[in-house]
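Coordinates in review
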Amino acid sequence: MTFSSDCANFVSQALRAGGWPFANFGIDVTSPYAWYYDNKGTSSTSDDKYSHTWSVAKKLYTFIVLDSNPRRGKNATTSPYPGTTSDPYPDNTTIGDVIFYDWNGDAEIDHVSIYVANGTDPDSGYSGALVDQHTSNRYHAIWSLSPYNRWRNTTKIYPVELYTTY
Amino acid sequence: MLTKNKLFTIVVLIVLVVSAFTFIQAKAPNEEEKGDIAKVIKKAAVLADEIYIQAKKHYKDRASAENKATIIENGKKALYEVFTDELAQRLYKSWVEDQFTNAVEGPDQIDSGVNSIEFKDLSISGNEAHVTVVLEKYITDRITKEGKKYIDRMQGKDIIKATLVKIDGKWKISEFTVEPDLDPEHIIQPE
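Below: a short report on this structure. Here the structure is a predicted model, which is why all the values come from computation and not from measurement.

Summed over all chains, the structure comprises 15 salt bridges over all chains. For D183 of chain B, the salt bridge goes to R138 of chain A, with nearest N and O atoms at 3.5 Å. One end of the pair, D183 of chain B, is in the loop between β4 (170-179) and β5 (185-190); the other, R138 of chain A, is in strand β8 (residues 138-142), on a second chain. By relative accessible area, which is 10% here, R138 of chain A ends up buried. The closest approach of N and O atoms between E191 of chain B and R142 of chain B, which form a salt bridge, is 2.7 Å. One end of the pair, E191 of chain B, is in the segment after β5; the other, R142 of chain B, is in strand β2 (residues 128-145), with 49 residues separating them in the sequence.

This paragraph deals with empty space enclosed by the protein. All names here are of chain B. Applying the stated criterion across every chain yields a total of one cavity of 30 Å³ or more. Volume-wise, the largest cavity comes out at about 40 Å³. Broken down by element, the residue count for the lining of the largest cavity peaks at four residues, all from helix α1 (residues 2-60). Its residues assigned to classes, the lining of the largest cavity shows five nonpolar, two polar and four charged.

If you walk through the whole model with that rule in mind, you get 17 aromatic pairs over all chains. With a centroid separation of 6.1 Å and 55 degrees between ring planes, the pair formed by F22 of chain A and W54 of chain A is classed as tilted. Linking F22 of chain A in the loop between α1 (7-17) and β1 (37-38) with W54 of chain A in helix α2 (residues 52-55), this pair joins segments that are 32 residues apart in sequence. Residue classification places F22 of chain A among the partly exposed positions, given a relative accessible area of 26%. Taken together, the ring pairs in this structure connect W20, F22, F25, W35, Y36, Y37, Y50 and W54 of chain A into an aromatic cluster. A cation over an aromatic ring shows up here: K76 of chain B above the ring of Y92 of chain B, its NZ or CZ 5.5 Å from the ring centre. Above the ring of Y138 of chain B, the side-chain terminus of R153 of chain B is found at 3.7 Å from the ring centroid.

The next subject is the nonpolar core. Residue and element names in this part refer to chain B. F83, W95, L164, I173 and F176 are the most contacted members of the largest nonpolar core, which totals 52 residues. When residues in this core are grouped by element, the largest group, 11 residues, is from α1. Not counting residues up to four positions away in its chain, the partners in contact with F83 are A44, A88, L91, W95, K172, I173 and F176.

The next thing to look at is a positive patch on the surface. All names here are of chain B. There is a patch of like positive charges on the surface, built from K39, K42, K43 and K170. For the positive patch, the element with the highest residue contribution is α1, accounting for three residues. With respect to the helices and strands, the residue K170 is situated in strand β4.

This part covers the pairing of strand β9 (residues 156-162) of chain A. Residue and element names in this part refer to chain A. Burial runs high along β9: six of the seven residues are buried. Pairing analysis gives three bridges linking strand β3 (residues 73-75) to β9, with the strands arranged antiparallel. Bridge pairing in β9 links K74 to E161.

Along the chain, T84 of chain A falls in the loop between β4 (81-82) and β5 (98-102). Look at T84 of chain A and you get buried, because its relative accessible area is 4%. Each C-alpha atom of the pair T84 of chain A and L145 of chain A lies 8.9 Å from the other, and the pair is 61 residues apart in sequence. If near-sequence neighbours (up to four positions away) are discounted, T84 of chain A is found in contact with R152 and N153 of chain A together with Y52, N102, G106 and P107 of chain B.

By volume, the largest pocket is sized at about 820 Å³. Forming the boundary of the largest pocket are 33 residues, of which S5 and D110 of chain A together with T177, V178 and E179 of chain B lie nearest the centre. Of all elements in the fold, only α1 and α3 (57-67) of chain A together with α3 (85-97), β3 (148-167) and β4 of chain B reach the threshold of two or more residues within the lining of the largest pocket. For the lining of the largest pocket, a count of residues per class yields 13 nonpolar, nine polar and 11 charged. Roughly 530 Å³ of internal volume is contained in the second largest pocket.

This part is about the interface of chain B and chain A. On the chain A side, the residues contacting the 35 residues of chain B number 23 residues. Overall, the association of chain B and chain A removes approximately 2,400 Å² of surface from exposure, summing both partners, and the carbon and sulfur fraction of that is 50%. For the pair chain B and chain A, the number of links is five salt bridges. With a closest N to O distance of 2.3 Å, D158 of chain B and R150 of chain A form a salt bridge. At the junction of chain B with chain A, the criterion picks out 19 residue pairs in polar contact (both at pLDDT 80 or more). Only α1, α3, α4 (99-105), β2, β3 and β4 of chain B provide two or more residues apiece to the side of chain B that touches chain A. Ranked by the residues each element gives to the side of chain B that touches chain A, the list is headed by β3 of chain B, at six residues.

Conventions we followed
Residues numbered from 1 in each chain as written. Chains lettered and ligands numbered in written order. Predicted model: local features only at pLDDT ≥ 70, side-chain atom pairs only at ≥ 80, totals over all residues. Heavy atoms only, no water. Salt bridge = Lys/Arg side-chain N within 4 Å of Asp/Glu carboxyl O. Helix = DSSP H or I, 4+ residues; strand = E, 2+ residues; numbered from the N terminus. Buried < 20%, exposed > 50% of the residue type's maximum accessible area, 1.4 Å probe, protein only. 1 Å grid on protein atoms, 1.4 Å probe; cavity = no way out; pocket = protein on both sides within 12 Å on 5 of 7 lines; lining within 4 Å. Points joined across faces, edges and corners; volume = space filled by probe spheres on them. Nonpolar A, V, L, I, M, F, W, Y, C, P; charged D, E, K, R; others polar. Phe/Tyr/Trp six-rings, centres within 6.5 Å; stacked < 30°, edge-to-face > 60°. Lys NZ or Arg CZ within 6 Å of the ring centre and 35° of its normal. Core = buried A, V, L, I, M, F, W, Y, C linked by side-chain atoms within 4.5 Å. Contact = heavy atoms within 4.5 Å. Patch = residues over 30% accessible without salt bridge, like charges linked within 9 Å, V, L, I, M, F, W, Y side chains within 5 Å. Areas by Shrake-Rupley, 256 points an atom, 1.4 Å probe, with all protein chains shown as cover. Lys, Arg positive; Asp, Glu negative; His and termini not counted. Charge placed at Lys NZ, Arg CZ, Asp CG, Glu CD. Pairing = 2+ DSSP bridges. Buried area = accessible area lost by both parts, 1.4 Å probe. Polar contact = N/O pair within 3.5 Å; in protein donor to acceptor, adjacent residues only side chain to side chain.

Structure follows, in structure tokens:
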């Protein structure tokens, strides 16, 4: 399956590869309590079925922090970071956690990336927590995405701490 | 016979002129509307940046609390001019008030603007418009590298989808989403 806006699908695949079990496999794709990708056991993608929580960033966010049972994660901070932040690391997060972004500050999540390493972003030279992401594809970008984001003044960033056991 | 031909020609000419006039009348408001909508979207695109730049200057100048209050009040006014009351209310904190917290440790931004706006989709039905545009926006920072000062201009094309409603003859944005291109161009020059 190809997605025009691929960020959540990319992160969902990473979480799945990291051991996340599907939730409520096969039920209504719009259910906020489901998180799955069903390839129907075939290599063809035309009949694939996947939950909205798999492919839409704001739905993945609410699944993780609100609707998953048992709960799979929580907001790492009480309030979001501004898109202008120069903090090298987001508080209470570690490699493997996920970072959500609201570009226009309307409290609706628009984008998600995954925290993959600590080090130096090869493009910006910024050091700290690095994320990988799709659409736009970036490898080891500084977690704030500030050197790439012309909407940083309205952006809010929500780091999410994933539970290791649930 | 000649009179008949003349009459026919005159009638045809009148029909053509009336048709052309009607066509121009039908097209002209759309172009005008498009221009008005483009202006509103461009204003929205740089609104928070303008407040941020003023907030940054406020701290540099160690200006008074009164100065801060004026910037916030003007920013709020600008916000309500561009967005509907409902959306402006939702965006107020993040677009206006928060710029003063962002500016404390944020980049030394000195400028922002729009290079171009390209309409991908525009439909107007009465007092409501739905629009998708590709907007090339830039922001300019003053940066320091190895002790030297530079001007860093970041520019790229973002997709904006918006719904606008006409209130008292003015277009205002009631829904607004941004998909930034996170692979921008940086033009860095010595200051």
